[in-house]
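Summary of structural features
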Amino acid sequence: QVQLVESGGGLVQAGESLRLSCVASGSIFSINVMGWYRQAPGNQRELVATIRGGSSTNYADSVKGRFTISGDNAKNTVFLQMNSLKPEDTNVYYCYAEVRYTSDRLSFQHWGQGTQVTVSS
């Protein structure tokens, strides 16, 4: 069993910053990918940023240059530094991890419970 626990969401004004954190715990042999997705009511969940192997990153075009993802492999932790926030960044942000339970190549997707980010204009 694997749990992802997010923290760091909140209410800020446009132009301000927030830092999200997510810690994975449980039956983890290794983690292939960690990342963040976001979802507004009535919309599909969309990619924000991912990090693979602790260094290879991928960002949605809408956040490039403003958001930075980083990770601590030893602590199964991922961070999302969000700068220059815009009202359109308002969403529930979900932590994601692709986890291997054993040395077998098989991996499984896990999601956090979500943390609300609200940006006022």
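Notes on the structure follow. Quantities reported herein were computed from a predicted structural model and do not represent experimental measurements.

With respect to the helices and strands, Ser7 occurs in strand S1 (residues 2-7). Ser7 gets classed as partly exposed once you look at its relative accessible area, which sits at 39%. When the C-alpha positions of Ser7 and Phe67 are compared, they lie 16 Å apart, and in sequence the two are 60 residues distant. Residues within four places of Ser7 in sequence aside, it is in contact with Arg19, Leu20 and Ser21.

Grouped together as the largest cluster of nonpolar side chains are 29 residues, with contacts concentrated most on Met34, Trp36, Leu80, Met82 and Tyr93. Taken together, the elements giving at least two residues each to this core come down to S1, strand S3 (18-26), strand S4 (30-39), strand S5 (46-52), strand S7 (67-72), strand S8 (77-82), strand S9 (91-100) and strand S11 (115-120). Excluding residues that lie within four positions of it along the chain, Leu80 makes contacts with Leu18, Arg19, Leu20, Trp36, Val48, Ala49, Phe67, Thr68, Ile69 and Tyr93.

By the element assignment, Val92 lies in strand S9. Residues Val92 and Gln113, 21 residues apart in the sequence, show an inter-C-alpha distance of 9.4 Å. When neighbours within four sequence positions are excluded, Val92 is seen to be in contact with Tyr37, Arg38, Gln39, Gly114, Thr115 and Gln116.

Further remarks concern the side chain of Arg100. Assignment of secondary structure puts Arg100 in strand S9. Buried and unpaired, Arg100 has no salt bridge, with Asp104 as the nearest side chain of opposite charge at 6.8 Å. Here Asp104 takes part through its backbone oxygen, which lies 3.1 Å from a polar atom of the side chain of Arg100. Among residues more than four places away in sequence, those in contact with Arg100 are Ser27, Ile28, Phe29, Ser30, Asn32, Arg105, Leu106 and Ser107.

Per the stated rule, a full pass over the model turns up 1 disulfide. Bridging Cys22 to Cys95, the disulfide has an S-S length of 2.0 Å. Judged by the sign of its S-S torsion, about -85 degrees, the bond between Cys22 and Cys95 is left-handed. Of this pair, Cys22 sits in strand S3 while Cys95 sits in strand S9, and the two are 73 residues apart along the sequence. Assigned by exposure class, Cys22 and Cys95 land together as buried.

Let us now look at the packing of aromatic side chains. Ring pairs (aromatic) are described by centroid distance and by the angle formed between their planes. Tallied over the full model, the rule gives 4 aromatic pairs. A centroid spacing of 5.6 Å and a plane angle of 65 degrees characterise the contact between Tyr37 and Tyr96, whose relative ring orientation is edge-to-face. With Tyr37 in strand S4 and Tyr96 in strand S9, the pair connects residues that are 59 residues apart, well separated along the chain. Relative to Trp111, the ring of Tyr96 lies with its centre 5.0 Å away and its plane at 55 degrees, an arrangement referred to as tilted.

Our focus in this paragraph is a nonpolar patch on the surface. Taken together, the side chains of Tyr101, Leu106 and Phe108 present a nonpolar region at the surface, about 280 Å² in accessible area. As for its position among the elements, Tyr101 is in the loop between S9 and strand S10 (108-111). Of the residues examined, Tyr101 reaches a relative accessible area of 34% and is grouped as partly exposed.

Quick notes on the rules
Residues numbered from 1 in each chain as written. Predicted model: local features only at pLDDT ≥ 70, side-chain atom pairs only at ≥ 80, totals over all residues. Heavy atoms only, no water. Helix = DSSP H or I, 4+ residues; strand = E, 2+ residues; numbered from the N terminus. Buried < 20%, exposed > 50% of the residue type's maximum accessible area, 1.4 Å probe, protein only. Contact = heavy atoms within 4.5 Å. Core = buried A, V, L, I, M, F, W, Y, C linked by side-chain atoms within 4.5 Å. Lys, Arg positive; Asp, Glu negative; His and termini not counted. Salt bridge = Lys/Arg side-chain N within 4 Å of Asp/Glu carboxyl O. Polar contact = N/O pair within 3.5 Å; in protein donor to acceptor, adjacent residues only side chain to side chain. Disulfide = S-S within 2.5 Å. Phe/Tyr/Trp six-rings, centres within 6.5 Å; stacked < 30°, edge-to-face > 60°. Patch = residues over 30% accessible without salt bridge, like charges linked within 9 Å, V, L, I, M, F, W, Y side chains within 5 Å. Areas by Shrake-Rupley, 256 points an atom, 1.4 Å probe, with all protein chains shown as cover.

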